[in-house]
Amino acid sequence: HRITAAMMFSVGYDEVTSDQRRVGKTLRHGVNYSAGPKVLGQWLKISQGEAKKYLRQFHNTTPQLSVWHQKIKRQLEKDRTLVTPMGRKRVFMERWADPLFRSAYAFIPQSTIGDLLNLALTTFYNTHNVPDMGIAMQLHDAIYIWCKEDEAPYWGSQLAKAMHIPIKMDYRDLYICVDFKLGKDW
């Protein structure tokens with residue numbers, strides 16, 4: 001989201017403000033799933049005119065997104081079936097309209113992240129099932145663990161290793177970047 005904001009606002013990665021990151025994150029998620037200026041304006045609590053401006057900035061910095069959306073639509077036209085890089089398959093039987101497309105655009109990224117987290121969690125648990133550390137939960141796009149405070153950097157690095165899973169896309173291995181936060185509670 002910070003990279004999206006840096007591109008949109010033409011600032012360095014380290015110069016992105018928390019508000020710019022929030023805008024970048026909202027646009028990344030919203031545009032990925034075809035949100036328009038009205039919805040984005042409501043989410044960001046800005047006017048539709050300002051949301052349109054942000055949308056233009058976003059599309060100017062990410063022209064391949066509309067190409068990807070068209071690729072998804074072409075695949076749906078063939079057999080209404082999409083398959084994630086990890087092999088999860090879904091047939092889309094809804095009426096041919098925007099809600100179908102939004103659902104289809106969401107399927108591959110959301111399912112891929114879910115599958116990646118499940119694989120990482122299983123690997124992490126099977127490798128590191130020890131009494132001084134535990135897995136609290138997986139929630140949306142995060143894994144929560146508990147451990148002694150002084151061991152947090154070690155366990156964070158072990159979890160990062162478990163999450164370093166190649167995802168095959170277009171004959172390339174891609175890796176999802178992960179980051180960690182420490183806190184007294186989740």
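Residues numbered from 1 in each chain as written. Predicted model: local features only at pLDDT ≥ 70, side-chain atom pairs only at ≥ 80, totals over all residues. Heavy atoms only, no water.

Caption draft 1: Fine view of the environment of I72. Among the secondary structure elements, I72 is positioned in helix α5 (residues 64-79). Along the primary structure I72 and Y105 are separated by 33 residues, whereas in three dimensions their C-alpha atoms are 7.0 Å apart. Contacts of I72, omitting those with residues within four sequence positions, involve L82, A104, Y105 and I108. (Helix = DSSP H or I, 4+ residues; strand = E, 2+ residues; numbered from the N terminus. Contact = heavy atoms within 4.5 Å.)

Caption draft 2: A nonpolar patch on the surface, seen in detail. A grouping of I3, M7 and Y13 is seen on the molecular surface, where their side chains present a nonpolar patch of about 310 Å² in accessible area. Mapped onto the fold, Y13 is located in the loop between α1 (2-9) and α2 (18-32). For Y13, a relative accessible area of 46% corresponds to the partly exposed category. (Patch = residues over 30% accessible without salt bridge, like charges linked within 9 Å, V, L, I, M, F, W, Y side chains within 5 Å. Areas by Shrake-Rupley, 256 points an atom, 1.4 Å probe, with all protein chains shown as cover. Salt bridge = Lys/Arg side-chain N within 4 Å of Asp/Glu carboxyl O. Buried < 20%, exposed > 50% of the residue type's maximum accessible area, 1.4 Å probe, protein only.)

Caption draft 3: Region of interest: the packing of aromatic side chains. Summed over all chains, the structure comprises six aromatic pairs. Where W68 meets Y105, the ring centres are 6.2 Å apart and the plane angle is 45°; that geometry is what we call tilted. Taken together, the positions of W68 in helix α5 and Y105 in helix α6 (residues 98-127) put the pair 37 residues apart, joining distant regions of the chain. Classification of Y105 by relative accessible area gives buried; the value is 3%. Between F92 and F107 the ring centres are 5.9 Å apart and the planes differ by 80°, which places this aromatic pair in the edge-to-face class. Of the two residues, F92 is situated in the loop between β2 (89-91) and α6 and F107 in helix α6; the sequence distance between them amounts to 15 residues. Comparing F92 with F107, the two get one shared label, buried. Joined through ring pairs, the aromatic side chains of F124, Y154 and W155 make up one cluster. The ring of Y13 is capped by R2, whose NZ or CZ atom sits 5.6 Å from the centre of that ring. Between K73 and the ring centre of F101, over which it is positioned, the NZ or CZ distance is 4.5 Å. (Phe/Tyr/Trp six-rings, centres within 6.5 Å; stacked < 30°, edge-to-face > 60°. Lys NZ or Arg CZ within 6 Å of the ring centre and 35° of its normal.)

Caption draft 4: Here's a closer look at the pairing of strand β4 (residues 142-147). Where strand β3 (residues 133-139) and β4 come together, six bridges link them in antiparallel fashion. Following the sheet pairing, G134 is matched in β4 by W146. Two successive antiparallel strands, β3 and β4, enclose a turn made up of two residues, where H140 displays a positive phi of approximately 55°. (Pairing = 2+ DSSP bridges.)

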